[in-house]
Amino acid sequence: MMDRIKIIIDTDIGDDVDDALAIALAIVSPEIELLGITTVYKNTNLRASLARDMLRVFGVADSVPVLPGFSQPIRYHVDDTVIPHQCCDLKTAPLEGKPADAVSFIINTVRDCPETVIVAIGPMTNIAMAIKLAPDVMKNASIIAMGGAFTAVYPEYNIMCDPEAAHIMINSGADISMIGLDVTTKCVLTKEDERLILNQTSDTGRYLARLSGIWIETSKAKKITLHDPLTVALIASPDILSLRKEPVRIELEGTFTRGLTALCRTPFRQREPYPESVVSIADGVNSMKMRDFLFSRLFGI
């Protein structure tokens with residue numbers, strides 16, 4: 001029997017449907033053991049409730065803990081204490097634990113099982129807080145993050161929501177892989193793919209169909225892009241993606257570029273990066289193989 005790869009998923013589930021698809025892929029993939037889910041950004045208690053609902057549908061609620069994390073970017077934290085705030089642009093949900101519990105879960109899991117992979121598919125606030133509180137533990141962590149746009153001159157959403165957290169993460173010394181818009185935007189489902197999802201009849205299929213339908217109807221995008229599922233694919237089917245190592249910086253100041261993921265090199269000379277900021281970035285994807293991987297694992301087609 002193969003050794004399963006232990007992971008924690010840190011997610012902002014509840015906005016784009018791709019978080020749910022990524023979590024579902026992790027649950028059903030035999031290569032993966034999902035140790036827990038932490039939620040991040042805005043109403044993390046509601047996000048935790050959504051994650052628990054999903055785990056119940058997939059029959060793993062009793063074995064996978066869910067902990068709500070920090071709701072605001074790390075710049076709102078003073079002496080590692082979050083400024084009290086409850087976002088009002090999502091429905092309210094009852095308080096379920098303290099944000100520090102999610103960070104402690106991440107730290108303790110990496111300390112006890114250093115082989116654990118942190119799959120970050122939201123803003124990196126929880127990850128950065130873990131690094132601030134336990135740098136010696138987290139420098140040994142493996143992190144796969146959906147974030148960045150390495151060939152663009154605009155910031156990607158997850159980084160833009162908390163640039164300081166992303167900056168802390170990439171300078172932590174951890175083993176970091178980042179999957180950005182350069183490859184994720186090549187993995188867009190067709191209308192026929194969407195029809196196949198919306199016509200699913202199993203319990204889990206109908207659940208994912210409902211979430212997908214809501215996203216298609218209410219989002220500006222009106223389409224499903226497999227941003228977050230690619231992080232799970234890198235673990236379960238790594239030949240879907242290709243990566244290369246690059247020195248990366250996060251722009252923290254620019255009026256139009258705050259949150260930009262900048263590659264620190266030029267055609268004329270290689271800048272000397274801080275060793276910690278060299279990360280593996282995705283530079284290629286087999287989009288058809290990714291589509292087939294998703295449909296085979298989640299829907300058996």
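Everything that follows concerns the structure shown earlier in this document.
Residues numbered from 1 in each chain as written. Predicted model: local features only at pLDDT ≥ 70, side-chain atom pairs only at ≥ 80, totals over all residues. Heavy atoms only, no water.

A look at the packing of aromatic side chains
Our working definition: Pairing of aromatic rings covers Phe, Tyr and Trp, the last counted by its six-membered ring, and requires centre-to-centre distances within 6.5 Å; plane angles under 30 degrees mean stacked, over 60 mean edge-to-face, and any other angle means tilted. Our definition puts a charge over a ring when NZ of Lys or CZ of Arg is within 6 Å of the ring centre and also within 35 degrees of the ring normal.
All told, the structure shown has two aromatic pairs when counted by the stated rule. Positioned above the aromatic ring of Phe295, the side-chain terminus of Arg291 is 4.1 Å from the ring centre.

A short note on the pairing of strand S2 (residues 32-39)
Selection rule: For every residue, the accessible area (1.4 Å probe, protein chains only) is compared with the maximum for its type, and the residue is labelled buried under 20%, exposed over 50%, or partly exposed between those bounds. Here a strand is any run of E in DSSP of at least two residues, a helix any run of H or I of at least four, and the numbering for each starts at the N terminus. By the convention used here, strands pair only if DSSP detects at least 2 bridges between them. A crossover gets the label right-handed when its path from the first strand over the helix to the second runs clockwise, viewed with the strands pointing away from the viewer.
S2 sits mainly inside the fold: seven of its eight residues count as buried. For strand S1 (residues 5-11) and S2, the ladder comprises seven bridges, and the chain directions are parallel. Across the sheet, Ile7 pairs through a bridge with Leu34, a residue of S2. Chirality of the crossover, the property in question, places the unit of S1, helix H1 (residues 18-28) and S2 among those that are right-handed. As paired strands, S2 and strand S3 (residues 66-68) are joined by three bridges and run parallel to one another. Across the sheet, residue Thr38 finds its bridge partner in S3, namely Leu67. At this point the chain moves from S2, through helix H2 (residues 44-57), to the parallel S3, and the crossover so formed is right-handed.

Notes on the sheet that holds strand S9 (residues 241-250)
Across a sheet, strands are paired by hydrogen bonds formed along the backbone, either parallel or antiparallel in direction. The line we're drawing: For helices, the fitted axis covers only the stretch in contact; all axes are lines through C-alpha atoms, and the angles between them, taken along N-to-C directions, range from 0 to 180 degrees.
Strand order in the open sheet formed by nine strands is S3-S2-S1-S6-S7-S8-S11-S9-S10, with mixed pairing between adjacent strands. The open sheet is flanked by S3 and strand S10 (261-263), the only strands paired with a single partner. The average undirected angle you get between the axes of adjacent strands in this sheet is 30°. Direction of pairing for strand S6 (residues 117-121) relative to strand S7 (residues 142-146): parallel, over a ladder of four bridges. In the strand pairing of S7, Ile118 is matched with Ile143.

Here's the deal with helix H11 (residues 229-236)
The periodicity of an α-helix, 3.6 residues per turn, causes residues three or four places apart in sequence to face the same way. Extensive coverage of H11 is indicated by the burial of eight of its eight residues. Within the sequence span of H11, burial applies to Pro229, Leu230, Thr231, Val232, Ala233, Leu234, Ile235 and Ala236.

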